[in-house]
Amino acid sequence: MNRPLDTARESDVLTALRRATATRHERLDSGLPLSKPDASLADYAHHLQLLRDWLTPLAASQQGLTDGPQGPAGIAAAPHLALIDADLAEPSLADYGRSAHPQQQPWPAQASPAYRWGIAYVVEGSQLGGAVLYKRLAGQLAPHPLRYLRGAGEGGPGPRWRAFMEALRAEVRSEGEVAEACAGACDAFDRILVLAFDEKG
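A brief report on the enclosed structure follows. (Residues numbered from 1 in each chain as written. Predicted model: local features only at pLDDT ≥ 70, side-chain atom pairs only at ≥ 80, totals over all residues. Heavy atoms only, no water.)

**So, the environment of Ser92**
In step 1: Summarising the element assignment, Ser92 is placed in the loop between helix H3 (80-88) and helix H4 (113-137).
In step 2: Sequence separation between Ser92 and Pro143 is 51 residues, and the spatial gap between their C-alpha atoms is 8.4 Å.
In step 3: Look past the residues within four positions of Ser92 in its chain and what remains in contact with it is Leu41 and His144. (Helix = DSSP H or I, 4+ residues; strand = E, 2+ residues; numbered from the N terminus. Contact = heavy atoms within 4.5 Å.)

Structure, rendered in structure tokens:
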């Protein structure tokens, strides 16, 4: 039986992704507009625009893909951009203009499935952070519904995250695939860090 070896490989992809992105993750969490204790609706508008500028070219690059996280082994696409647009359309955000962020380079046209699993790890993980922010800010920023932070679906983002992790572990197994996934995850973080801190990409 190969189950012990399989289990080791399954834990390795998560360990590798967490280690590869730890510094980037910490920097992003501490620098996002909503990280301030006194975060305002203006900060939420900035946060949404930042995420929209990050996710829009990514979504465009994934259109028509039928493998990796976009294939049968993945999970259904989440309505991230739709939730962001609905939040930005709220009257309470009408007074906040659009922030100017650096234009991003296109995502690699021929990215491997494993690389895209790494990107998806960052995108899906951001929803867990959103749930934490929602609990902290729901009262503070009321009556805005904070749709994006709350997320779609019953039970919050936890069940979706667990389903994603199961799929990731099943699909990213070899050393080469894990390395590709780590590259995709690091690139995903680097791109939003460029936007968050207006750095040159």
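**Thoughts on the packing of helix H2 (residues 41-62) against H3**
In step 1: Between H2 and H3, the shortest axis-to-axis distance is 10 Å and the interhelical angle comes to 150°. Like other packed secondary-structure pairs, H2 and H3 cross with a definite hand, here left-handed. Residue-level contacts link Tyr44, Ala45, Leu48, Gln49, Leu51, Arg52, Leu55, Thr56 and Ala59 of H2 to His80, Leu81, Ile84, Asp85, Asp87 and Leu88 of H3.
In step 2: A breakdown of the residues in the contact of H2 with H3 according to their chemical character gives nine nonpolar, three polar and three charged. (Axes fitted to C-alpha atoms, helices over the stretch in contact; angles between N-to-C directions. Left-handed = near helix turned anticlockwise from the far one by under 90°. Nonpolar A, V, L, I, M, F, W, Y, C, P; charged D, E, K, R; others polar.)

**Observations concerning the pattern of salt bridges**
In step 1: One pass over the structure, following the stated rule, counts seven salt bridges.
In step 2: When the shortest N-O distance is used, the salt bridge between Arg52 and Asp85 registers 2.5 Å. Of this pair, Arg52 sits in helix H2 while Asp85 sits in helix H3, placing them 33 residues apart in sequence.
In step 3: The closest approach of N and O atoms between Arg116 and Asp67, which form a salt bridge, is 2.5 Å. In this pair, Arg116 is assigned in helix H4 and Asp67 in the loop between H2 and H3, connecting sequence segments 49 residues apart.
In step 4: What makes Arg116 buried here is its relative accessible area of 5%.
In step 5: Taken together, the shared-partner salt bridges in this structure form one network comprising Asp87, Glu90 and Arg147. (Salt bridge = Lys/Arg side-chain N within 4 Å of Asp/Glu carboxyl O. Buried < 20%, exposed > 50% of the residue type's maximum accessible area, 1.4 Å probe, protein only.)

**Regarding the nonpolar core**
In step 1: One finds Tyr44, Trp54, Tyr121, Tyr148 and Leu168 to be the most contacted residues of the largest nonpolar core, which totals 50 residues.
In step 2: Looking at this core, the elements that each hand over two or more residues are helix H1 (3-31), H2, H3, H4, helix H5 (147-150), helix H6 (158-171) and helix H7 (175-197).
In step 3: Aside from chain neighbours lying at most four places away, what touches Leu168 is Val13, Leu14, Leu17, Trp117 and Tyr121. (Core = buried A, V, L, I, M, F, W, Y, C linked by side-chain atoms within 4.5 Å.)

**Focus: the packing of aromatic side chains**
The geometry of an aromatic ring pair is captured by the separation of the ring centres together with the interplanar angle, meaning the angle of the planes.
In step 1: What the rule picks out here adds up to three aromatic pairs.
In step 2: Ring centres 5.6 Å apart and planes at 40° place the aromatic pair Trp117 and Phe164 in the tilted group. Here Phe164 lies in helix H6 and Trp117 lies in helix H4, a separation of 47 residues in the sequence. Both residues of the pair, Trp117 and Phe164, count as buried.
In step 3: Summarising the aromatic geometry, the rings of Tyr121 and Trp161 are spaced 5.9 Å apart at their centres and angled 45° between planes, so their arrangement reads as tilted. Linking Tyr121 in helix H4 with Trp161 in helix H6, this pair joins segments that are 40 residues apart in sequence. (Phe/Tyr/Trp six-rings, centres within 6.5 Å; stacked < 30°, edge-to-face > 60°.)

Treat this as a map of the structure, not an account of what it does.
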